[in-house]
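What follows is the residue order along each chain.
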Amino acid sequence: MAAFTERMALLLMLWLVVSLSGTWAVDRANFKTCDQSSFCKRQRAMKPGESPYRALLETMELTNTRLTLQLINDNNKVRLLLELYRLQGNITRVKINELKPLKPRYEVPDVLIREPPTEPLSLLSQDENGVVLSLGAESQRVILSARPFRLDIMEGRNVLMSLNSRGLLAFEHLRMRKDTQADPEAEKKEEAEPANQAETAEDAGKEEDGMWEEMFKSHSDSKPNGPSAVSLDFSLPGVEHVYGIPEHADSLRLKTTDNGDPYRLYNLDVFQYELYNPMALYGSVPVMLAHSAQRTTGIFWLNAAETWVDISSNTAGKTVFGKMLDYVQGSSETPQTDVRWISESGIVDVFIMLGPTPKDVFSQYASLTGTQAFPPIAAIAYHQCRWNYNDQEDVQAVDAGFDEHDIPYDFIWLDIEHTDGKRYFTWEPHKFATPKEMLQNLLDKKRKMVAIVDPHIKIDSNYKIHNEIRSLGFYIKNKDGGDYEGWCWPGSAGYPDFTRADMRAWWASMFAYDQYEGSMENLYTWNDMNEPSVFNGPEVTMHKDAVHGAWEHRDVHNLYGLYVHMATAEGLIQRSGGVERPFVLTRAFFAGSQRYGAVWTGDNSAEWDHLKISIPMCLSLGVVGISFCGADVGGFFKSPSPELLVRWYQTGAYQPFFRAHAHLDTPRREPWLFGPENMALIRDAVRQRYTLLPYWYQQFYHAYKTGQPVMRPLWVEYPQDPVTFGLDDEFLIGRDLLVHPVTEEGSRGVTAYLPGKDEVWFDVHTFQKHNGAQNLYIPVTMSSIPVFQRGGSIISRKLRVRRSSTCMEHDPYTLYVALSPQRTAEGELYIDDGHTFNYEKKEFIHRRLSFSNNILSSINLSPESQFSTLSWIERIVILGASKPKQVTLKTAGAEDTQLEYDFDASMSVLTLRKPGMNAGIDWTVTLE
């Protein structure tokens, strides 16, 4: 039997490789459309303006922290419970659940970092038509209308957002199926409360296919709880631009869905995905931002089931001329975007983040789900990966190749072939016979490794991991109570139930050095296939009627990847006794995944359009909290031309997660395999990344502290400039670096929009100054990476690039001061040990750099912190400067020093050479 199973696994793997390498394109027939998803089709058939829901005002209860009242569906008399909370930080929470469900409905745990603190609600007025509640800040209030039920959130006379204004609230109550033998206890309960539980005659007349079971291709989905979908519509007056709800391979600005499928949120393994459509991909973050020149708001729909999001707009399809005509003719139509969320199960639990600025919304969302984990500095350097490096000799040769060609890197990666027969936490005994020796060789060079650990476990009685999971009862169950089995890379596999805290604790313990044989402190982890991917399952994932304790998989599906990521990150922390920061990359994700590490955009392709789409895909993740994002440099599938590979390195060098990766069947593509000219271009791009590591690290520290994205759309910093609202071919790193990568084949030039009518921008390569609020045409060659530093900023770099970031730890800094006639130039310098959690104990340096009235100073932002550095300031470059008569350095306890300088009058660049002061002390430099 074992031999037969192995042969079947081999045949399946062969079929998969042929499928993946032969078609090089997603088979859309493997994935559902809305019409093939019965609950989506049912909900979408509803007509606006016919809401059966009415608020029963006599049931209202108002305490200091919440309002509750009942809603009734006048068609079937089922009652719902509405809860409304005002939360700290200008957030309103609305929950809707069945008043008396047959059994509990799933409410998402572990995503919120705590129970959100509330603020007092107060009643302003009440009559038979509704109630008005005060939300406190800036005359904000909620108007609750009774018939039909509707919520309007107001500020002054302006409606910020309306709920159920189109009457599309739907709540499919749990009920007993009439044509089966019912549970006697449930029948008694149902008879006792027919208005709340029973499937009424009216309901029975509306039975549709897919309510109690449905088929997709050869897969049957039994639904023992029957139809359970929830839906709610939101109207956004004055809004034309909405963003977020990743992951989709689409533009940053979300499109209307009236004439096609809604955007789908359902974590799926979709290899070589198509671009510019709303198909689901590997991760789901049910957060949408709405932006106009007046305000930014957000909607966080906390539901982990399959979800579809419809978007419509009253200005969709209007040309610019049409909008101008409306303006000239005095059209009274206010732009409005309407959004509808539809989830298969669970409850309505929505957080309305009222801004008013983009940064306020980021802070509000971070207060709910946490901020980006602060990575070790090495993790934001360059990563070299492919499926697969063959053996230890191959790893050693690639490592040596980087040294030979003077290209820095920090991590080399091993994919699934490094294991013993796809048994994770093991090593292939012949090709990776002495993993500690391999890791020690990397450690000696201050480099690291990542090895893949996937959440499908080979069913093999000789495999310790499988035996322990089975004996502990930790596998997900099928609907009949046995362990769920599916096919994945090892062949027949079990899937650990990561929704269980005890399972996650056990998994974390497996990363201990005495459990994960051959591992060392410089081995980190990659979680792939954690949607979960099931090759022989419906839509290449798990059956929805699989069971996690009291819940069906349909309730928890989008959480699975987050839980795998969570348990793995915790394992890496525990193995070091809580000292070392982890690095874990995940493919599947959900709201809150930012707390555990990095994500990447999955199985892309070596095509120019895939390079272009990496920008809006990462921007979409950034605005919903996940800053640590990147795409496979070069494209996973297919083989890039040398030009495409170079341009991808140049783009990836300015994205938060910077990793090259390639499919098993593609030719090798280490940077030195494309000729000396292309290698030199790639080397230069990688080295640019390394010089900027101090700035990147500072941005990640800010993301960790504040929730602001590292890589951000221009409208975040220029929220009142409509030109920025639709841009997604350029972006900002922090607020001070603007990047417009070259993503067109054969390009001779790009046009970058430089925002801000009072801004000036300096080309970081030539130091040429340009005014803001203009489209700038930039001639490009193959060496060009258009990057601009904002006037009024100070950016620190390390110009001595070594073989890894760790080797640069004590190297000196060069400060680039970009002057602006409009403002003081400011920046920061953040330094810690780069890898431990000691920054939580105030072991860091955090300094404010500022240039005003010809004085450049460094001031301690955290006097209570204790940390010292060997790094010093070896150069200061001032852009937009005038020539001084002399330059004086002052430091505490030392005599004033006259500094040497060079001045380039043609470019107005002043370079101060060898000031030499320690980077962690107070100092001033005065230009006279």
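Residues numbered from 1 in each chain as written. Predicted model: local features only at pLDDT ≥ 70, side-chain atom pairs only at ≥ 80, totals over all residues. Heavy atoms only, no water.

## Some thoughts on the overall build of the protein
Working step 1: Per the secondary structure count, the protein includes 18 helices and 53 strands.
Working step 2: Against the 2.2 N^0.38 benchmark of 30 Å for 928 residues, the protein shows a C-alpha radius of gyration of 29 Å, consistent with a compact globule.
Working step 3: Counting only residues that meet the buried cut, the protein has 63% of its 928 residues in that class.
Working step 4: Surface exposure of the protein reaches about 33,800 Å², of which carbon and sulfur atoms provide 50%.
Working step 5: If the 93 positive side-chain charges of the protein are averaged to one point and the 121 negative ones to another, these points end up 3 Å apart. (Helix = DSSP H or I, 4+ residues; strand = E, 2+ residues; numbered from the N terminus. Rg over C-alpha atoms; globule rule 2.2 N^0.38 Å. Buried < 20%, exposed > 50% of the residue type's maximum accessible area, 1.4 Å probe, protein only. Areas by Shrake-Rupley, 256 points an atom, 1.4 Å probe, with all protein chains shown as cover. Lys, Arg positive; Asp, Glu negative; His and termini not counted. Charge placed at Lys NZ, Arg CZ, Asp CG, Glu CD.)

## Here's the deal with helix 15 (residues 642-652)
Working step 1: Of all 11 residues in helix 15, nine are buried, a share of seventy percent or more.
Working step 2: Within helix 15, the full set of buried residues consists of Leu-644, Leu-645, Val-646, Arg-647, Trp-648, Tyr-649, Gln-650, Thr-651 and Gly-652.
Working step 3: Looking at the packing, one finds that the buried side of helix 15 touches strand 21 (382-384), helix 14 (608-622), strand 33 (632-633), strand 34 (658-660) and helix 16 (675-691). (Contact = heavy atoms within 4.5 Å.)

## Some thoughts on empty space enclosed by the protein
Working step 1: All chains considered together, the criterion is met by five cavities of 30 Å³ or more.
Working step 2: Space inside the largest cavity adds up to approximately 110 Å³.
Working step 3: The wall of the largest cavity is formed by 13 residues, among which Lys-32, Phe-216, Asp-221, Pro-538 and Lys-544 lie closest to the centre.
Working step 4: Looking at the lining of the largest cavity, the elements that each hand over two or more residues are strand 11 (213-216) and strand 12 (219-222).
Working step 5: When grouped by side-chain class, the residues that make up the lining of the largest cavity number five nonpolar, three polar and five charged. (1 Å grid on protein atoms, 1.4 Å probe; cavity = no way out; pocket = protein on both sides within 12 Å on 5 of 7 lines; lining within 4 Å. Points joined across faces, edges and corners; volume = space filled by probe spheres on them. Nonpolar A, V, L, I, M, F, W, Y, C, P; charged D, E, K, R; others polar.)

## A look at the confidence of the model for the protein
Working step 1: Per-residue confidence for the protein averages 93 on the pLDDT scale, and 92% of its residues sit at or above 70.
Working step 2: Considering only residues more than four positions removed or in separate chains, one finds that residues 186-205, a stretch of pLDDT under 50, has 37 contacts.
Working step 3: Counting contacts from residues 319-329, a segment whose pLDDT is below 50, to residues more than four positions away or on other chains yields five contacts. (pLDDT = per-residue confidence, 0-100.)

## Considerations on the pattern of salt bridges
Working step 1: In the structure shown here, the tally under the stated rule is 63 salt bridges.
Working step 2: A salt bridge links Glu-172 to Arg-42; the shortest N-O distance between them is 2.7 Å. Here Arg-42 lies in helix 2 (residues 38-44) and Glu-172 lies in the loop between strand 10 (170-171) and helix 3 (184-192), a separation of 130 residues in the sequence.
Working step 3: You can call Glu-172 buried: its relative accessible area is 11%.
Working step 4: Residue Arg-42 is classed as buried on the basis of its relative accessible area, which comes to 10%. (Salt bridge = Lys/Arg side-chain N within 4 Å of Asp/Glu carboxyl O.)

## Some thoughts on the packing of aromatic side chains
Working step 1: Going through the model one piece at a time under the given rule, you end up with 51 aromatic pairs.
Working step 2: Ring centres of Phe-300 and Phe-351 lie 5.4 Å apart, and the angle between their planes is 25 degrees; on these two criteria the pair is classed as stacked. Of this pair, Phe-300 sits in strand 17 (residues 296-301) while Phe-351 is found in strand 20 (residues 348-353), placing the two residues 51 residues apart along the sequence.
Working step 3: Given the relative accessible area of 0%, Phe-351 is considered buried. (Phe/Tyr/Trp six-rings, centres within 6.5 Å; stacked < 30°, edge-to-face > 60°.)

## Remarks on the state of the cysteines
Working step 1: Applying the stated rule across the entire model yields two disulfides.
Working step 2: The disulfide bridge from Cys-34 ends at Cys-40, spanning 2.0 Å between sulfur atoms. What sets the handedness of the Cys-34 and Cys-40 disulfide is the S-S torsion sign, and at about -100 degrees it is left-handed. Pair check on accessibility: Cys-34 and Cys-40 agree, each one buried.
Working step 3: The partner cysteine of Cys-618 in its disulfide is Cys-629, sulfur to sulfur 2.1 Å. (Disulfide = S-S within 2.5 Å.)

## Remarks on the nonpolar core
Working step 1: Among the nonpolar cores identified, the biggest contains 177 residues, and Phe-300, Trp-507, Phe-583 and Tyr-649 are the most heavily contacted of them.
Working step 2: Element by element, the count of residues in this core is highest for helix 13 (residues 560-575), at nine residues.
Working step 3: The contact partners of Phe-583, leaving out residues within four places of it in the chain, are Pro-376, Ala-379, His-383, Phe-411, Trp-413, Val-450, Tyr-524, Thr-525, Leu-572, Ala-598, Phe-628 and Phe-657.
Working step 4: Residues Leu-133, Leu-236, Leu-254 and Val-309 belong to the second largest nonpolar core, which totals 49 residues. (Core = buried A, V, L, I, M, F, W, Y, C linked by side-chain atoms within 4.5 Å.)

## Quick look at the sheet that holds strand 25 (residues 485-488)
Working step 1: Ordered in space as 24-26-25, the three strands form an open sheet in which the pairing is antiparallel. Sheet topology places strand 24 (457-458) and strand 25 at the edges, where each strand pairs with a single neighbour.
Working step 2: Relative to strand 26 (residues 491-494), strand 25 runs antiparallel, the two sharing four bridges. Its bridge partner lying in strand 26, Trp-487 is registered against Ser-492. (Pairing = 2+ DSSP bridges.)

## Comments concerning the environment of Met-215
Working step 1: Here Met-215 shows up in strand 11.
Working step 2: Taking the relative accessible area as the measure of exposure, Met-215 reaches 51% and is therefore exposed.
Working step 3: With 179 residues separating them in the primary sequence, Met-215 and Gln-36 have C-alpha atoms 9.0 Å apart.

## Some thoughts on the side chain of Gln-698
Working step 1: For Gln-698, the location among the structural elements is in helix 17 (residues 693-706).
Working step 2: On the basis of relative accessibility, which here comes to 6%, the residue Gln-698 falls in the buried class.
Working step 3: Excluding anything up to four places from it in sequence, Gln-698 contacts Glu-828, Leu-829 and Tyr-830.

## Points about the packing of helix 16 against helix 17
Working step 1: In the contact formed by helix 16 and helix 17, the axes pass within 5 Å of each other and the chain directions differ by 55 degrees. Here helix 16 is positioned oblique relative to helix 17, judged by the angle of their axes. Contact residues: helix 16 offers Arg-689, Tyr-690 and Thr-691, while helix 17 offers Leu-693, Pro-694 and Trp-696.
Working step 2: For the contact of helix 16 with helix 17, the residue count by class is four nonpolar, one polar and one charged. (Axes fitted to C-alpha atoms, helices over the stretch in contact; angles between N-to-C directions. Parallel < 35°, antiparallel > 145°, perpendicular 65-115°, else oblique.)

## Points about helix 10 (residues 464-472)
Working step 1: Buried residues of helix 10: Ile-465, His-466 and Ile-469, and no others. Here the buried residues of helix 10 occupy an arc of 95 degrees about the axis, which is enough to place them on one side.
Working step 2: Taken together, the buried residues of helix 10 touch strand 24 and helix 11 (501-509).
Working step 3: Gly-473, located one to two residues past helix 10, shows a positive phi value of around 70 degrees. (Arc of directions from axis to C-beta.)

## Points about the pairing of strand 53 (residues 923-927)
Working step 1: Within strand 53, four of the five residues are buried, which leaves the element mostly enclosed by the surrounding structure.
Working step 2: Both strand 47 (residues 855-860) and strand 53 contribute to a ladder of four bridges, which runs antiparallel. Looking at strand 53, one finds that Ile-855 is bridged to Thr-926.
Working step 3: For strand 49 (residues 887-891) and strand 53, the ladder comprises five bridges, and the chain directions are antiparallel. From the neighbouring strand, Thr-888 faces strand 53, where its bridge partner is Thr-926.

## Some thoughts on unusual backbone geometry
Working step 1: Note the cis peptide between Arg-147 and Pro-148, where omega equals -10 degrees.
Working step 2: One can find Pro-148 in the loop between strand 7 (140-145) and strand 8 (150-155).
Working step 3: Residue Pro-532 is bonded to the preceding Glu-531 through a cis peptide linkage, with omega at 5 degrees.
Working step 4: Within the secondary structure, Pro-532 sits in the loop between strand 27 (523-527) and strand 28 (547-548).
Working step 5: One non-glycine residue, Lys-446, adopts positive backbone phi at about 60 degrees.
Working step 6: By the secondary structure assignment, Lys-446 is in the loop between helix 9 (435-444) and strand 23 (448-452).

## Quick notes on the sheet that holds strand 30 (residues 584-586)
Working step 1: Strand order in the open sheet formed by nine strands is 32-31-30-27-23-22-21-34-33, and the pairing between neighbours is parallel. This sheet does not close on itself; its edge strands, each paired only once, are strand 32 (629-630) and strand 33.
Working step 2: Across two bridges, strand 33 lies against strand 34 in parallel orientation. Directly across from Val-633, in strand 34, lies its bridge partner Ala-660.
Working step 3: Sitting on the sheet, helix 13 is in contact with strand 27, strand 30 and strand 31 (598-600), with an inclination near 175 degrees to strand 27.

## Notes on the packing of helix 15 against helix 16
Working step 1: At their nearest, the axes of helix 15 and helix 16 sit 8 Å apart, and the two run at 10 degrees to each other. When the interaxial angle is binned, helix 15 and helix 16 end up roughly parallel. Judged by residue contacts, Pro-642, Leu-645, Val-646, Tyr-649, Gln-650 and Gly-652 of helix 15 engage Asn-678, Leu-681, Ile-682, Ala-685, Val-686 and Arg-689 from helix 16.
Working step 2: Across the contact of helix 15 with helix 16, the residue classes tally to eight nonpolar, three polar and one charged.

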